[in-house]
Amino acid sequence: MKLLSLSPGLIAVFKKEWASYFNTPIGYVFSILYLFLSSFLFFYGLGQGSFWDRKVAGMEEYFVWTPLLFVVFVPAITMRLWSEEKRSGSLEILFTLPISKWEIACAKFLAAWAFLGFTVCLSASIPFFIWAFGDLDLGIVFAGYLGCLLLGGAYISIGIFLSSFGRDQISSYILTVLVCLFFFLLGTQPVLKFFGGGPSAFAYLFALSSHFESFRLGILDLSDTLYFFSFIAINLAGNVFFLRRNYP
């Protein structure tokens, strides 16, 4: 219950981290580049299969590109969460405050997740544009956006965990990109065919991409939702365990 309580300390850390995305250029660069690239890839693609060529009032293709864009962009908003505290020397001061490491980790995670959600919501102009000119299935759109938020939360939990290992933002970014890419590719057909048999079923079970697929198709699956929340909780628990071991 302590983890879920909104203590004054948790709220204070959340506000600090939330404000940092708007007090530094990285927040604006992240939002602008993500919105531009996601819109461009959806409407124009990479030369073929653009929205105009398909002539279908749907956003399935948008949710095809989103996980790959998250692999590149989400680490940019998590790379500083712990590494910047180390660089500035404020980590020890932070841990002397009357707030648990669980609450600090959760506050940082929630701030990054809220910022990602804020950026994703800014793309809502796309479904409204399609809906104005065609018969858009809003149920599929809702499921797709929910899946994006859950997948983004999973990537953020990886990023905040790995940021506690990194000594600087660049190493944290690169390491998070590689790990996020690994968990995404784990569920793709080429990788599953490479493993074959039992190992492929095991890989599919733990791949983030396989659990996101149902949301992309407009299916709200409770098991996939629970997987994402479990994945997030495990990474946060690992983050707190590491901090307790190294900063008792």
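Scroll up a little and you will see the structure.
Residues numbered from 1 in each chain as written. Predicted model: local features only at pLDDT ≥ 70, side-chain atom pairs only at ≥ 80, totals over all residues. Heavy atoms only, no water.

A. Structural context of the overall build of the protein chain. Along the protein chain, the regular secondary structure elements total 14 helices and zero strands. Shown N-terminal to C-terminal, the secondary structure of the protein chain runs as helices and strands in the order α-α-α-α-α-α-α-α-α-α-α-α-α-α. The C-alpha atoms of the protein chain give 19 Å as radius of gyration, which agrees with the globular expectation for 248 residues (18 Å, within 12%). Structurally, the protein chain occupies a C-alpha span of about 60 × 45 × 35 Å along its principal axes. Across the 248 residues in the protein chain, those meeting the buried criterion constitute 47%. Within the protein chain, contacts between residues at least 6 apart in sequence are counted, and of these 76% link residues at least 24 apart. (Helix = DSSP H or I, 4+ residues; strand = E, 2+ residues; numbered from the N terminus. Rg over C-alpha atoms; globule rule 2.2 N^0.38 Å. Buried < 20%, exposed > 50% of the residue type's maximum accessible area, 1.4 Å probe, protein only. Contact = heavy atoms within 4.5 Å.)

B. Seen up close, the environment of Leu 136. Within the secondary structure, Leu 136 is located in the loop between helix H8 (125-133) and helix H9 (138-163). Separated by 92 residues in the primary sequence, Leu 136 and Phe 228 place their C-alpha atoms 27 Å from one another.

C. Representation of a nonpolar patch on the surface within the structure. On the surface, Phe 36, Phe 40 and Tyr 44 cluster together into a nonpolar patch covering about 340 Å² of accessible area. Summarising the element assignment, Phe 36 is placed in helix H2 (residues 25-44). Look at Phe 36 and you get exposed, because its relative accessible area is 54%. (Patch = residues over 30% accessible without salt bridge, like charges linked within 9 Å, V, L, I, M, F, W, Y side chains within 5 Å. Areas by Shrake-Rupley, 256 points an atom, 1.4 Å probe, with all protein chains shown as cover. Salt bridge = Lys/Arg side-chain N within 4 Å of Asp/Glu carboxyl O.)

D. Looking closely at the packing of aromatic side chains. In the structure shown here, the tally under the stated rule is 30 aromatic pairs. Plain terms: the ring middles of Phe 43 and Phe 129 are 5.9 Å apart, the flat faces sit at 80° to each other, and that makes the pair edge-to-face. Of this pair, Phe 43 sits in helix H2 while Phe 129 is found in helix H8, placing the two residues 86 residues apart along the sequence. Relative accessible area serves as the criterion here: at 13%, Phe 43 is assigned to the buried category. When the centroid spacing of 5.1 Å and the interplanar angle of 45° are considered together, the rings of Phe 109 and Trp 113 count as tilted. Of this pair, Phe 109 and Trp 113 both sit in helix H7 (residues 101-121), separated by four residues, roughly a single helical turn. Classification of Phe 109 by relative accessible area gives buried; the value is 4%. Of the aromatic side chains, those joined through ring pairs into one cluster are Phe 14, Trp 18, Tyr 21, Phe 22, Tyr 28, Phe 30, Tyr 34, Phe 70, Phe 73, Phe 115 and Phe 118. In this structure, Arg 80 packs its charged tip against the face of Tyr 21, placed 5.7 Å from the ring centre. A cation over a ring is seen here: Lys 101 above Phe 95, with NZ or CZ 4.7 Å from the ring centre. (Phe/Tyr/Trp six-rings, centres within 6.5 Å; stacked < 30°, edge-to-face > 60°. Lys NZ or Arg CZ within 6 Å of the ring centre and 35° of its normal.)

E. Highlighting the pattern of salt bridges. Under the defined criterion, the tally for this structure stands at six salt bridges. Among the salt bridges present, the one from Glu 213 reaches Arg 216, with a minimum N-O distance of 2.7 Å. With a gap of three residues between them, Glu 213 and Arg 216 both fall in helix H13 (residues 208-216), about one helical turn apart. Among the residues examined, Arg 216 registers a relative accessible area of 15% and is labelled buried. Connected through salt bridges with shared partners, the residues Lys 16, Glu 17, Arg 80, Glu 85 and Lys 108 form a single ionic network.

F. Local environment of helix H14 (residues 222-246). Taking 1.5 Å as the rise per residue, H14 with 25 residues should run 36 Å; its terminal C-alpha atoms sit 36 Å apart, in good agreement. Listed in full, the buried residues belonging to H14 are Asp 224, Thr 225, Tyr 227, Phe 228, Phe 231, Ile 232, Asn 235, Leu 236, Asn 239, Val 240, Phe 242 and Leu 243. (Expected span 1.5 Å × (residues − 1).)

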